[in-house]
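# Observations on the model geometry
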Amino acid sequence: MLAFDFWLVDIMRWKDVWNRPNRLPEIYGTLIALGLVVYFLLMWGVGLVNVIELRLLNLVIVGTGIYFALKQHLRTHNNSLGYFEGFVVCVGSGFIGVTTFGFFLFAALMVSEDLSKSVLGNEPMAEHLDPYIATAVVMIEGVFSGFFMTFILLNWLNTDTVNNPNKREQST
């Protein structure tokens, strides 16, 4: 009975995970990674994993995750959004999400020989690709997509100030 009580307390703490203003990049980066993994598995199951044009939807997934991270930042910081604060939240979320997905992709390419042949065999420079290089390219592409979406969203949303990036706020 005591073990069940601890389990119940852990579940009750889980709902507080969304209200942690200092952990927004980790939370939304994880959600971005989950979205990318689900999308990848769906495309792999349907047999469309080697269609290059569908990679544009990765931009939508990353952009959506970054947008919701910014909205959560506004909710947890009294509707205040400094440009550099938003930049840190956006880039952090995108980087964590994309690199986590990159590690998943690397593992999938190493485990499944069929997937590796399907994805790498249809590329124009297939003889020069291996799972290491393919994963690095996907991660670089994803990080730059995160930067791109950060630039767009921070200029689209109204930021309060261009704050001093060297000055750290004291969180209570």
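In this report, the structure presented in the accompanying data block is examined. (Residues numbered from 1 in each chain as written. Predicted model: local features only at pLDDT ≥ 70, side-chain atom pairs only at ≥ 80, totals over all residues. Heavy atoms only, no water.)

## Comments concerning the overall build of the protein chain
The following threshold applies: Here a helix means four or more residues in a row that DSSP labels H or I, a strand means two or more in a row labelled E, and each is numbered from the N terminus. Relative accessible area decides the class of each residue, using a 1.4 Å probe on protein chains only: under 20% of the type maximum gives buried, over 50% gives exposed, and in between gives partly exposed. Residue contacts are counted whenever heavy atoms from the two residues lie within 4.5 Å of one another. Residue-level accessible areas treat just the shown protein chains as cover; the underlying method is Shrake-Rupley with a 1.4 Å probe.
Within the protein chain, the regular secondary structure consists of six helices and zero strands. From first element to last, N terminus to C terminus, the protein chain shows the α and β order α-α-α-α-α-α. Residues counted as buried form 35% of the 172 residues belonging to the protein chain. Of all intrachain contacts in the protein chain linking residues separated by at least 6 positions in sequence, the fraction that spans at least 24 positions is 77%. A total accessible area of about 11,200 Å² is found for the protein chain, and carbon and sulfur atoms account for 65% of it.

## Describing a nonpolar patch on the surface
Our working definition: Patch definition: residues above 30% relative accessible area lacking any salt bridge, with like charges linked at up to 9 Å and the nonpolar side chains Val, Leu, Ile, Met, Phe, Trp and Tyr linked at up to 5 Å. One speaks of a salt bridge when a side-chain nitrogen belonging to Lys or Arg is within 4 Å of a carboxyl oxygen belonging to Asp or Glu.
On the surface, Phe84, Phe87, Val88, Ile140, Phe144 and Phe147 cluster together into a nonpolar patch covering about 560 Å² of accessible area. Those elements giving two or more residues to the nonpolar patch turn out to be helix 4 (83-111) and helix 6 (131-156). Take Phe147: it is sitting in helix 6. On the accessibility criterion, Phe147 (34% relative accessible area) is partly exposed.

## Observations regarding the pattern of salt bridges
Tallied over the full model, the rule gives one salt bridge. Measuring nitrogen to oxygen at the nearest pair gives 2.6 Å for the salt bridge that ties Glu141 to Arg55. Within this pair, whereas Glu141 is found in helix 6, its partner Arg55 is found in the loop between helix 2 (24-46) and helix 3 (56-76), the two being separated by 86 residues in sequence. Glu141 gets classed as partly exposed once you look at its relative accessible area, which sits at 33%. Residue classification places Arg55 among the partly exposed residues on the basis of a relative accessible area of 26%.

## Notes on the packing of helix 4 against helix 5 (residues 113-121)
The packing of two helices is summarised by the inter-axis angle and the distance between the axes. Quick note on the threshold: Only the contacting stretch of a helix is used when fitting its axis, a line to C-alpha atoms as for every element, and angles between N-to-C directions run 0 to 180 degrees. Between 65 and 115 degrees an angle is taken as roughly perpendicular, under 35 as roughly parallel, over 145 as roughly antiparallel, and anywhere else as oblique. The residue classification treats Ala, Val, Leu, Ile, Met, Phe, Trp, Tyr, Cys and Pro as nonpolar and Asp, Glu, Lys and Arg as charged. All others, Gly included, are polar.
Close contact between helix 4 and helix 5 brings their axes to 5 Å; oriented N to C, the two are set at 110 degrees. Comparing the axis directions of helix 4 and helix 5 gives the class roughly perpendicular. Where helix 4 approaches helix 5, its residues Ala108, Leu109 and Val111 are matched on the opposing element by Glu113, Leu115, Ser116 and Val119. Of the residues assigned to the contact of helix 4 with helix 5, the class counts are five nonpolar, one polar and one charged.

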